[in-house]
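The chain contents come next:
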Amino acid sequence: MHKLSCYFFLLLPFLYFPLVLSWSQNTQFNQAENYEGSSDLVNLEYHMGPVLASPINLYIIWYGHWNPTHQATIKDFLYSLSSSAPYPSVADWWKTVRLYTDQTGSNITGSISLSGEFYDSRYSHGVYLSRLSMQSIIKTAVASYPRPLPLNPRNGLYLVLTSSDVQVEDFCRAVCGFHYFTFPTIVGITVPYAWIGYSGTQCPGMCAYPFAWPKYSGKPPRSTDGGNNIMRAPNGDAGVDGMISVIAHELAEVSSNPLVNAWYAGDDPTAPTEIADLCLGLYGSGGGGGYVGKVYKDSWGNGYNVNGVKGRRFLVQWVWNPVKKRCFGPNAMD
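Not measured: the values here are computed from a predicted model.

Some thoughts on the pattern of salt bridges
What the rule picks out here adds up to seven salt bridges. Of the charged contacts, one joins K310 and D76 as a salt bridge, the two residues approaching to 3.2 Å between their closest N and O atoms. Residue K310 is located in the loop between β13 (306-307) and β14 (313-314), and its partner D76 is located in helix α1 (residues 68-80); the two are separated by 234 residues in the primary sequence. On the basis of relative accessible area, K310 is assigned to the exposed category, the value being 70%.

Comments concerning the layout of surface pockets
There is about 210 Å³ of room inside the second largest pocket. What lines the second largest pocket is a set of 18 residues, and nearest its centre among them are L52, P153, R154, N155 and P192. Split by residue class, the lining of the second largest pocket holds twelve nonpolar, five polar and one charged.

Considerations on the state of the cysteines
Under the counting rule described, the total for this entry stands at three disulfides. Across the disulfide from C176 sits C207; the S-S distance is 2.1 Å. Residues C176 and C207 are joined through a disulfide that is left-handed, its torsion about the S-S bond being -85 degrees. With C176 in the loop between β7 (167-168) and β8 (177-181) and C207 in helix α4 (residues 204-207), this pair connects stretches of sequence that are 31 residues apart. Of the two residues examined, C176 and C207, each falls in the buried class.

As for the side chain of E250
Tracing the backbone through its elements, the reader meets E250 in helix α5 (residues 238-256). No salt bridge is formed by the buried E250, whose closest oppositely charged neighbour, R131, lies at an N-O distance of 9.4 Å.

Section: the confidence of the model for the protein
Put simply, the protein has an average pLDDT of 88, and 84% of its residues get 70 or more. Below pLDDT 50 for its whole length, residues 2-19 participates in 97 contacts with residues either more than four positions away or in separate chains. Here residues 222-226 scores under 50 on pLDDT; set against residues more than four positions off or in separate chains, the count is five contacts.

Things to note about the packing of α1 against α5
In contact at an axis separation of 10 Å, α1 and α5 are set at 35 degrees when each is read in the N-to-C sense. Note on packing geometry: the crossing formed by α1 with α5 is right-handed. Contacts between α1 and α5 involve H70, T73, I74, F77 and L78 from the former and V240, M243, I244, I247, A248 and L251 from the latter.

A short note on α1
Its 13 residues give α1 an end-to-end C-alpha distance of 18 Å, which sits within 8% of 18 Å, the value for a rise of 1.5 Å per residue. Residues of α1 that are buried include every one of H70, Q71, T73, I74, K75, D76, F77, L78 and S80, and no others. Residues of α1 that are buried sit in contact with β3 (56-63), α2 (90-97), β4 (112-120), β6 (156-162), α5 and β14. Put simply, N67 is the residue that caps the front of α1, since its side-chain oxygen is 2.8 Å from the backbone nitrogen of T69.

About the thresholds
Residues numbered from 1 in each chain as written. Predicted model: local features only at pLDDT ≥ 70, side-chain atom pairs only at ≥ 80, totals over all residues. Heavy atoms only, no water. Salt bridge = Lys/Arg side-chain N within 4 Å of Asp/Glu carboxyl O. Helix = DSSP H or I, 4+ residues; strand = E, 2+ residues; numbered from the N terminus. Buried < 20%, exposed > 50% of the residue type's maximum accessible area, 1.4 Å probe, protein only. 1 Å grid on protein atoms, 1.4 Å probe; cavity = no way out; pocket = protein on both sides within 12 Å on 5 of 7 lines; lining within 4 Å. Points joined across faces, edges and corners; volume = space filled by probe spheres on them. Nonpolar A, V, L, I, M, F, W, Y, C, P; charged D, E, K, R; others polar. Disulfide = S-S within 2.5 Å. Lys, Arg positive; Asp, Glu negative; His and termini not counted. pLDDT = per-residue confidence, 0-100. Contact = heavy atoms within 4.5 Å. Axes fitted to C-alpha atoms, helices over the stretch in contact; angles between N-to-C directions. Left-handed = near helix turned anticlockwise from the far one by under 90°. Expected span 1.5 Å × (residues − 1). Polar contact = N/O pair within 3.5 Å; in protein donor to acceptor, adjacent residues only side chain to side chain.

So, in structure tokens, the structure goes:
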């Protein structure tokens, strides 16, 4: 789930879909609380449930019509989670997620393998989807003939990514992504999954900030060179670069709270605040109040905070570090 400097956690009940952990954007500058500095006020607790400690087999479902360039960028980010790259790297960022353990003392895995892809270019469930539709999409992918995705209850994690022409319930209005787990009545077994939508044409100002500007916030502030202060996307597309940060957010939370009974803050288990929710809108030191924090810029002025495979660069939000008791990323200045 996700509360943000523009994002807030939204819980939306369904008839038998009682909880969805979601990442969403609210007002750009009336930021939700974050804790860039060390704080003992955050009551993040472990509730005895599992974390994803076994090596993860990640399965992508590409729903709709996708630009191959965008797909390549997303896959390179996913490859970067377990691959070496110059410091600070995506794998270095994941080391903070790995600090979380289960009741046996086992840490979240550092091994994430892209183990399969399914192309649902025929829009098997239409172009207007409910949140619950994601589970039916997974069911279609694992039951497809002749090349289904494996149904992996041991260490499978399913990532449903919807293209620019697919409208999802509450997408752009209240959420940019969410994670949950499948129901045996729909999929056959319980497996964790996450959904993230491409916002480049529907709502980049809502789900791809800081690479786009929210329409309701008026004109962006001018920079000293007469332009504006909108950050340029490191891979050339605001929608896909913004989507990658949402993917990072959801992967961190589904790994630390896959069945909604592991790591979260708050007394209400139906509305948990998870490890990325605590750091919404923070990408570097000094961030807060709509300012993303100190990040790097390449020679073209593109903003980033971590390096990936093939010379890629990405901007991903920080997550809560349980040792330092503050939001943290490998590009921190302290």
